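Descriptive analysis of the structure
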Amino acid sequence: MENIALIFWPIPVGLLTIVLGLFLLRETSRGITRDGDYKEKHAKNILIEEIKSLADSHETAAVLADLIHKDGAGSWPPRANHDHSTWPEALRVYKEIYLELAPLLPKVTPSLDDDINRACVDDFRSCFRQKLRDRVDLVRVRDLLEAAGAGRWDVFPRDTYNAFYCCIASSRHAYRWATIPVVKVAQLETVVDMPAELDEPWTYLQRHYGCDSPSGNNTSNLLLNFGTDGEHAFKINTGMPESITSSEEAFARIFYNVELLGLPIYHDMVLATIRFAQGDKVACLKHVARITAQLRPLLNSYYDHMHDGKIARSVWLSHVQGFFAWGVGHIDKTSNEWVKFDGLSGNQVLLFHALDGFLGLEPYLSPRDQERNVPARQRALGKAFKKHSFRRMVSGVLQGGTDAKIEEEFSEIVKRIRVFRSAHRTRAKAYLSQPAPERLPMTAGKSLLEPSTGESIRFLDRFMVRRLSQTV
Ligand code: HEM
């Protein structure tokens, strides 16, 4: 017996070693991740502290610091606390209602019958209305919003305020469309009366963020839809097959990641601008070169996700895009005319506004569209970079040396944005050409389009081609 034990003892020891090895490997790799997360957060905090410390010396730094503090709840991308158990009690019910209704929104295959769809939209809305009426205490909600308006962020912390913005915006879009995929009968509506419980808070939120539109925007519905642990909060395709839910999340995450990778770029834009103003062109060059280098991973986060493998073309138009549209309006009291509002679009993304401003390009969006759909402090950043843009002041051909190198870097940045814009054009068309028989041609950002898909795409293409030709 002893002999047998002697012969076989290496087996349990070997097994133990393997198990221990695997455990250590797992712990080490966890450690690396934890350490990596820690390092990333640390690096981000350093950038934010530096931006704050520059606020007194330059307008671009002041505007960026203000954005991070007020809209970002101290960070960027903006922090949103989606753990509603920590929200002030009167607000929790909004998220609870959303979560109860979310599974009723989507269908794998929509009906093509207008009467059935009308009934489905009406039922969803009346159920939503009833739940809000029964459970929301508007007086207490108003008190909280008043407190925040008066700067009482101890009562209503900024990261909760951000999450609440996303909650109300998502609820408004759920009420607006009432079913996913969105259907013709809802698209043809011109006015939708929102319940007071979704309208009143919206007025406060509009005022705080500085957006006039009754619809949500890229910030309220997508950027703020990720919690501090990276969780995706207000989903629209609850209970649908994986290909749909993962496409929805991958799409939303692109916008979050663009801002995540955008922060170091904003930081370098500020520093490049300051160093140029100080006449330190060598330091300025270093920062412009860093922008060029950091654009590669940032744009890759778009190229690597905006394709059929990550966001299925067969589901995007019907199950993702429609919900983010708006396409209804109201009668304007002064002109007595119907004013229509559009919904979300990539054209509201801060990074592109900031880059365009830094390069001295005119904004893509009209002032009216910016005021409707881009938060005021984000608009201010694009404007500040444009005001202090020094690109046209460096002329390498005449002066040589550092100026020439700065100019080269600027040309490289422009080249990379042009590549993005032409890739975006091709990809956008591929997604927009998918069949969606339940609805009329529409984009979230431009609402109802031409009667046929082909005409609609030609109409949209004009915007993208024009922007490409302006990117010089
Ligand atoms: C399948 C997904 C997408 C489609 C079909 C699409 C479609 C379009 C269309 C048709 C336009 C021009 C019309 C308009 O301004 O409304 C546009 C503009 C724009 N989109 Fe997208 N888009 C998609 C995703 C994205 C993403 C993920 C981003 C950025 C992360 C983005 C960024 C932009 C920008 C910045 C503009 C303004 C024009 C420009 O600066 O080039 N889009 N998009």
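Residues numbered from 1 in each chain as written. Predicted model: local features only at pLDDT ≥ 70, side-chain atom pairs only at ≥ 80, totals over all residues. Heavy atoms only, no water.

1. Description of the packing of aromatic side chains
The full count for this structure, using the stated rule, is 25 aromatic pairs. Taking the centre distance of 5.0 Å and the plane angle of 80° together, the rings of Tyr98 and Phe234 count as edge-to-face. Taken together, the residues Tyr98 in helix H4 (residues 89-101) and Phe234 in the loop between helix H10 (218-222) and helix H11 (242-277) connect sequence positions 136 residues apart. On the accessibility criterion, Phe234 (2% relative accessible area) is buried. Each member of the aromatic cluster is reached from another via a ring pair, and the members are Trp87, Tyr94, Trp153, Phe156, Tyr161, Phe164, Tyr165, Trp202 and Tyr209. (Phe/Tyr/Trp six-rings, centres within 6.5 Å; stacked < 30°, edge-to-face > 60°. Helix = DSSP H or I, 4+ residues; strand = E, 2+ residues; numbered from the N terminus. Buried < 20%, exposed > 50% of the residue type's maximum accessible area, 1.4 Å probe, protein only.)

2. Looking at helix H19 (residues 453-470)
Compared with the 26 Å implied by 1.5 Å per residue over 18 residues, the 26 Å span of H19 between its first and last C-alpha is a close match. Packing partners of the buried residues in H19 comprise helix H14 (350-358), helix H18 (401-432) and strand S3 (442-443). (Expected span 1.5 Å × (residues − 1). Contact = heavy atoms within 4.5 Å.)

3. Focus on the site of the ligand
The environment of the ligand is formed by 22 residues, the closest being Met306, Asn347, Tyr364, Arg421 and His424. In the environment of the ligand, an oxygen atom lies 2.6 Å from a nitrogen or oxygen atom belonging to the side chain of Arg421. Within the side chain of His424, an N or O atom sits 2.8 Å from a nitrogen atom of the ligand. Elements with a minimum of two residues in the shell around the ligand: H11, H18 and H19. Ranked by residues supplied to the shell around the ligand, first place goes to H18 with 5 residues. Looking at the shell around the ligand residue by residue, the class counts come to 15 nonpolar, 4 polar and 3 charged. (Near = heavy atom within 4 Å. Polar contact = N/O pair within 3.5 Å; in protein donor to acceptor, adjacent residues only side chain to side chain. Nonpolar A, V, L, I, M, F, W, Y, C, P; charged D, E, K, R; others polar.)

4. A word on the nonpolar core
Tyr94, Phe128, Phe164, Met269, Phe390, Phe410 and Ile413 are the most contacted members of the largest nonpolar core, which has 133 residues in total. Residue contributions to this core peak at 16 residues, all from H11. Two domains each provide a minimum of three residues to this core, namely domain 1 (84-225) and domain 2 (242-470). When near neighbours in sequence (up to four residues on either side) are disregarded, Met269 contacts Ile291, Ala354, Leu355, Phe358 and Phe385. (Core = buried A, V, L, I, M, F, W, Y, C linked by side-chain atoms within 4.5 Å. Domains from an automatic or database assignment.)

5. A word on the domain arrangement of the protein chain
Here the protein chain is described as being made up of domain 1 (84-225) and domain 2 (242-470). Spacing between the C-alpha centres of domain 1 and domain 2 amounts to 26 Å. With 40 residues of domain 1 at the interface, the matching set in domain 2 holds 39 residues. The junction of domain 1 with domain 2 conceals about 3300 Å² of combined surface from both sides, 66% of it contributed by carbon and sulfur atoms. It is Gln187, Asn218 and Leu222 in domain 1 that bury the most area against domain 2; as a group they hold 19% of the surface buried on that side. On the surface where domain 1 and domain 2 come into contact, there are 0 salt bridges. Linking domain 1 to domain 2 there are 20 residue pairs in polar contact (both at pLDDT 80 or more). Sort the elements by how many residues they give to the side of domain 1 that touches domain 2 and helix H7 (residues 158-177) lands first, with 6 residues. (Buried area = accessible area lost by both parts, 1.4 Å probe. Salt bridge = Lys/Arg side-chain N within 4 Å of Asp/Glu carboxyl O.)

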